[in-house]
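Each chain, written out:
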Amino acid sequence: MSLRKTIRAYYSVPIEVAFRQFRAGLIFFATGFGAILMANAYMEPSVQQELIVLGGMILGGYGFILALLGQSRFLVGRLLRFWQKDR
C-alpha cells in the first residue's frame, strides 16, 4: 500500500477505536502517576523506591504517548471525514 492509503486507513477507523486507544493511554498514565506519588509518599528513600518511580515514569510516559496518539486520531479522523463528505 502507498503511504497515503496507509495513513488514511489508520485515521479512518471508527471513533470507538480511537476512544479505546485514548482511554488505554489515560489509564496507563494515571497508573504510572499514581505509582510515582505512592512511592514518594509511603516509601523510605531506597533503591527499591527509585526502581518503582522509574517504572511509574516509564508506564506514565507510555500512557501519555498512547493517549496523545489516540487524541490525534480523533482530530485527524474528524478532519478526514469532513473533507471526504465534500467529494
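Residues numbered from 1 in each chain as written. Predicted model: local features only at pLDDT ≥ 70, side-chain atom pairs only at ≥ 80, totals over all residues. Heavy atoms only, no water.

Asker: Kindly report on the overall build of the chain, identifying the contributing residues and their values.
Answerer: Each helix and strand counted, the chain has three helices and zero strands in total. Starting at the N terminus and ending at the C terminus, the chain contains elements arranged as α-α-α. By the compact-globule yardstick of 12 Å for 87 residues, the chain is too spread out, its C-alpha radius of gyration being 18 Å. Seen through its principal axes, the chain has C-alpha atoms that stretch 60 × 20 × 15 Å. Relative to its 87 residues, the chain shows a buried fraction of 23%. Counting only contacts in the chain whose residues sit at least 6 apart along the sequence, the fraction spanning at least 24 positions is 79%. Accessible area for the chain stands at about 6,700 Å²; split by element, carbon and sulfur atoms hold 71% of it. Between the mean site of the 10 positive side-chain charges and the mean site of the 4 negative ones, the chain shows a separation of 22 Å. (Helix = DSSP H or I, 4+ residues; strand = E, 2+ residues; numbered from the N terminus. Rg over C-alpha atoms; globule rule 2.2 N^0.38 Å. Buried < 20%, exposed > 50% of the residue type's maximum accessible area, 1.4 Å probe, protein only. Contact = heavy atoms within 4.5 Å. Areas by Shrake-Rupley, 256 points an atom, 1.4 Å probe, with all protein chains shown as cover. Lys, Arg positive; Asp, Glu negative; His and termini not counted. Charge placed at Lys NZ, Arg CZ, Asp CG, Glu CD.)

Asker: Any details on the confidence of the model for the chain? Residues and values, ideally.
Answerer: Residue-level pLDDT values for the chain average 92, and 97% of them are 70 or greater. The spread of mean pLDDT over the elements of the chain runs between helix α1 (residues 3-11), the lowest at 86, and helix α2 (residues 15-42), the highest at 96. (pLDDT = per-residue confidence, 0-100.)

Asker: Which residues make up the packing of aromatic side chains, and what values go with them?
Answerer: This model, assessed by the stated rule, comprises four aromatic pairs. Arranged with centres 4.9 Å apart and planes meeting at 85°, the rings of Tyr10 and Tyr11 form a pair that is edge-to-face. Here Tyr11 falls in the buried class, since its relative accessible area comes to 18%. (Phe/Tyr/Trp six-rings, centres within 6.5 Å; stacked < 30°, edge-to-face > 60°.)

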